[in-house]
Amino acid sequence: MKPKNFSLILAVFAQLLFAQIERAPLQMTENSGFHQIVLSPEIRSASLNNLDFIRIFDSKNTEVPYVVLNTQTSTKSSKNFEILSKNSIPNVSTSIVVLNKDLEKLDELNLKIANTDVVKTYNISGSNDQKEWFGLVDNQTISNLSDENSTFVLRRFSFPLNQYKYLKFTFIDKKSLPVNILEASSETSFQNNSAPIILRNSSQSISTNTERKQSIIKLKFRKPQVIDEIRFNISAPNFYLRNAEISIPKTIVFKGKTQTLIESVGLIQISSKSENTFKISEIFTDELTITIDNQDNLPLEIENVNLYQNPISILVDLKKHEKYAIIINPKLSKPQYDLANVGLNFNQNFPIAKVNSLEKIEKITTKNAEKSFWQTALFMWICILVAILVIGFFAISMVKDLNKK
């Protein structure tokens, strides 16, 4: 066995046995109830980007359950539109005119229709003055207009995107009696995306490789960070279009040797016509390199490059004036809490509990928290026994090598 292999194995055992525990106290809250805790970049880094290592304890060292809060929730909003008129020609057709008062761009509307078993053919047209009408949809059919659990059904009618002030729905009544249209509305879905968090305290350097016609930007952190977004601030020239590659170092062990390779994690195009903000697949690293291909152009004048991470929050039920702390312990496994399965409504504004800075602690005693196997004395003795066997094997190998010489 080679000394490098032996050192690598010992390093792994040392990390398992002496993993650092860190603590971040919460500021006391003024009200009891659910609070949102935004996990700072420092906490994400200390937890090695693994939420399984995070726990919350109160002043009595009792573990407090939490659930991960999805900060990118989907929200739906509904808006009613006024039905200006209903006109019916017996045995011919029934028409309703819907007012688009704010001249919104629409490509669909929902109609609330009283229960019926008839099948209807319909047309949709648009107008700005209710005198001249323009066709949007012709000779379409709608059915299944009955709901056994309600007195009405809600049906979506799609049509080409338009901005007409008036929309007319005409239902053909030649084969059946008219349908009763009760309301018209639209429904919009959108994402509530929390703003990304800027990553600070990185060192940046920009150099130029004239031979390869490249600009090389290196960004380094003291500890690995989660990176989801890159933003460039470029002052000159006025017009440019450059291809760039994003890469990170990757350490591997090959044939007993530790090697550091450069891994490409994305290609981007920097342009004077865009804001030069790029979302990338999440990476966890302490060093990032951006290589810009200048071709035969002068290098870009880059004022700075900012890195961001998408926020992650946890939701926890806190008591007024109680003292709490976030504990980060790399020896822990994933917690199993009831909160994850009770169907909490995340689409509301929860008060935010502020987190103080991280501090290292030697040990923590917990109450009502079952120890995982990694925390037990049995696991520690197994690691020590394996280490002794490895040392013994290494010693025997050295003796054999000496005898051969």
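Residues numbered from 1 in each chain as written. Predicted model: local features only at pLDDT ≥ 70, side-chain atom pairs only at ≥ 80, totals over all residues. Heavy atoms only, no water.

Asks: Just to check I follow, could you spell out the overall build of the protein chain for this structure?
Replies: Secondary structure assignment for the protein chain yields three helices and 23 strands. Here the protein chain, with 405 residues, has 36% of them falling under the buried criterion. Here the protein chain displays about 25,100 Å² of accessible surface, and carbon together with sulfur accounts for 50% of that area. (Helix = DSSP H or I, 4+ residues; strand = E, 2+ residues; numbered from the N terminus. Buried < 20%, exposed > 50% of the residue type's maximum accessible area, 1.4 Å probe, protein only. Areas by Shrake-Rupley, 256 points an atom, 1.4 Å probe, with all protein chains shown as cover.)

Asks: Where do I start with the sheet that holds strand β3 (residues 54–58) in this structure?
Replies: Overall, antiparallel pairing links the four strands, which are arranged β3-β22-β1-β23 in an open sheet. With partners counted over all chains shown, the strands left at the sheet margins are β3 and β23 (359–361), one partner each. For this sheet the average axis-to-axis angle between neighbouring strands, irrespective of direction, equals 35°. (Pairing = 2+ DSSP bridges. Axes fitted to C-alpha atoms, helices over the stretch in contact; angles between N-to-C directions.)

Asks: When you look at the pattern of salt bridges in this model, what are you seeing that I'm missing?
Replies: Here the idea is simple: oppositely charged side chains can pair when their charged atoms come close. Within this structure, the stated rule accounts for twelve salt bridges. One salt bridge in this structure joins Asp-102 and Lys-79, with 2.9 Å as the shortest N-O distance. Of the two residues, Asp-102 sits in the loop between β7 (93–99) and β8 (106–114) while Lys-79 sits in strand β5 (residues 72–81), which places them 23 residues apart along the sequence. Owing to a relative accessible area of 30%, Lys-79 belongs among the partly exposed residues under this scheme. The partner of Glu-108 in a salt bridge is Arg-156, with the nearest N and O atoms 3.7 Å apart. Residue Glu-108 is found in strand β8, and its partner Arg-156 is found in strand β11 (residues 152–162); the two are separated by 48 residues along the sequence. Bridged by salt links that share partners, the residues Lys-79, Asp-102 and Glu-104 form one connected network. (Salt bridge = Lys/Arg side-chain N within 4 Å of Asp/Glu carboxyl O.)

Asks: Got a minute to help me understand the side chain of His-35 in this structure?
Replies: You can see His-35 is positioned in strand β2 (residues 33–38). Leaving out residues up to four positions away in the same chain, His-35 has contacts with Thr-29, Ile-314, Leu-315, Val-316, Leu-318, Pro-351 and Ala-353. (Contact = heavy atoms within 4.5 Å.)

Asks: Where do I start with the confidence of the model for the protein chain in this structure?
Replies: Any residue range with low pLDDT should be treated as having predicted coordinates unsuitable for detailed reading. Of the residues in the protein chain, 85% reach a pLDDT of 70 or more, and the chain-wide mean stands at 85. The secondary structure element of the protein chain with the lowest average pLDDT is helix α1 (residues 3–17), at 44, and the one with the highest is strand β12 (residues 166–172), at 96. (pLDDT = per-residue confidence, 0-100.)

Asks: How should I be thinking about the side chain of Glu-229 in this particular structure?
Replies: Along the chain, Glu-229 turns up in strand β16 (residues 214–236). In terms of polar contacts, Glu-229 uses its side chain to reach the side chain of Arg-231, at 2.5 Å. In contact with Glu-229, not counting residues within four places along its chain, are Pro-196, Thr-277, Phe-278, Lys-279, Ile-280, Asn-306, Leu-307 and Tyr-308. (Polar contact = N/O pair within 3.5 Å; in protein donor to acceptor, adjacent residues only side chain to side chain.)

Asks: Just checking my understanding: could you explain the sheet that holds β7 for this structure?
Replies: Each strand in a sheet pairs with another by means of backbone hydrogen bonds, the pair being arranged parallel or else antiparallel. Taken together, the five strands give an open sheet; going across it, the order is β6-β7-β12-β9-β10, and neighbouring strands pair in antiparallel fashion. Each of the sheet's edge strands pairs with one partner strand only, and the pair in question is β6 (83–89) and β10 (134–142). Taking each pair of neighbouring strands and ignoring which way they run, the sheet shows an average axis angle of 15°. As paired elements, β7 and β12 share seven bridges and run antiparallel to each other. Looking at the pairing, Val-97 lines up with Lys-168 of β12.

Asks: Which parts of the structure should I look at to understand the packing of aromatic side chains?
Replies: All told, the structure shown has seven aromatic pairs when counted by the stated rule. Each ring, one from Tyr-122 and one from Phe-157, has its centre 5.0 Å from the other, and the planes form 75°; the classification is edge-to-face. Of this pair, Tyr-122 sits in strand β9 (residues 120–127) while Phe-157 sits in strand β11, placing them 35 residues apart in sequence. By relative accessible area, Tyr-122 is classed as buried at 9%. For the pair Phe-232 and Phe-278, a centre-to-centre distance of 5.9 Å together with 80° between the ring planes defines the contact as edge-to-face. Of this pair, Phe-232 sits in strand β16 while Phe-278 sits in strand β19 (residues 277–293), and the two are 46 residues apart along the sequence. Exposure class is identical for Phe-232 and Phe-278. Each is buried. Taken together through their ring pairs, the aromatic side chains of Tyr-122, Phe-157, Phe-169 and Phe-171 make up a single cluster. (Phe/Tyr/Trp six-rings, centres within 6.5 Å; stacked < 30°, edge-to-face > 60°.)

Asks: Is there a simple way to think about the nonpolar core in this case?
Replies: One recurring pattern in soluble globular proteins is that nonpolar side chains are buried together. Of all hydrophobic cores here, the largest spans 24 residues; its most connected members are Ile-230, Phe-232, Ile-270 and Ile-290. Elements with a contribution of two residues or more to this core: β16, β17 (241–254), β18 (257–271), β19 and β20 (301–309). In terms of residue count, the dominant contributor to this core is β16 (seven residues). Ignoring any residue separated from it by four or fewer positions in sequence, one finds Ile-230 in contact with Ile-246, Asn-276, Thr-277, Phe-278, Ile-280, Leu-288, Ile-290, Val-305, Asn-306 and Leu-307. Core analysis: the next-biggest nonpolar cluster, separate from the first, contains 23 residues, Ile-96, Leu-145, Tyr-164 and Phe-171 among them. (Core = buried A, V, L, I, M, F, W, Y, C linked by side-chain atoms within 4.5 Å.)

Asks: It is not clear to me how the environment of Asn-304 should be interpreted in this structure. Could you clarify?
Replies: The topology assignment puts Asn-304 in strand β20. By relative accessible area, Asn-304 is classed as partly exposed at 25%. For the pair Asn-304 and Ile-217, spaced 87 residues apart in sequence, the C-alpha to C-alpha distance is 9.7 Å. Those residues within four positions of Asn-304 in sequence are excluded, and the remaining contacts are Gln-204, Arg-231, Phe-232 and Asn-233.

Asks: Whenever I open this one, unusual backbone geometry confuses me. Can you help?
Replies: Leaving glycine out, the prevailing phi sign among residues is negative, and the prevailing peptide bond configuration is trans. With an omega of 0°, the peptide bond between Ala-236 and Pro-237 qualifies as cis. Following the sequence through the fold, Pro-237 ends up in the loop between β16 and β17. For Asn-201, which is not glycine, the phi torsion reads 65° and is therefore positive. With respect to the helices and strands, the residue Asn-201 is situated in the loop between β14 (197–198) and β15 (203–209). In the Ramachandran plot, Gln-295 falls in the positive-phi region, its phi being about 50° despite a non-glycine side chain. With respect to the helices and strands, Gln-295 occurs in the loop between β19 and β20.

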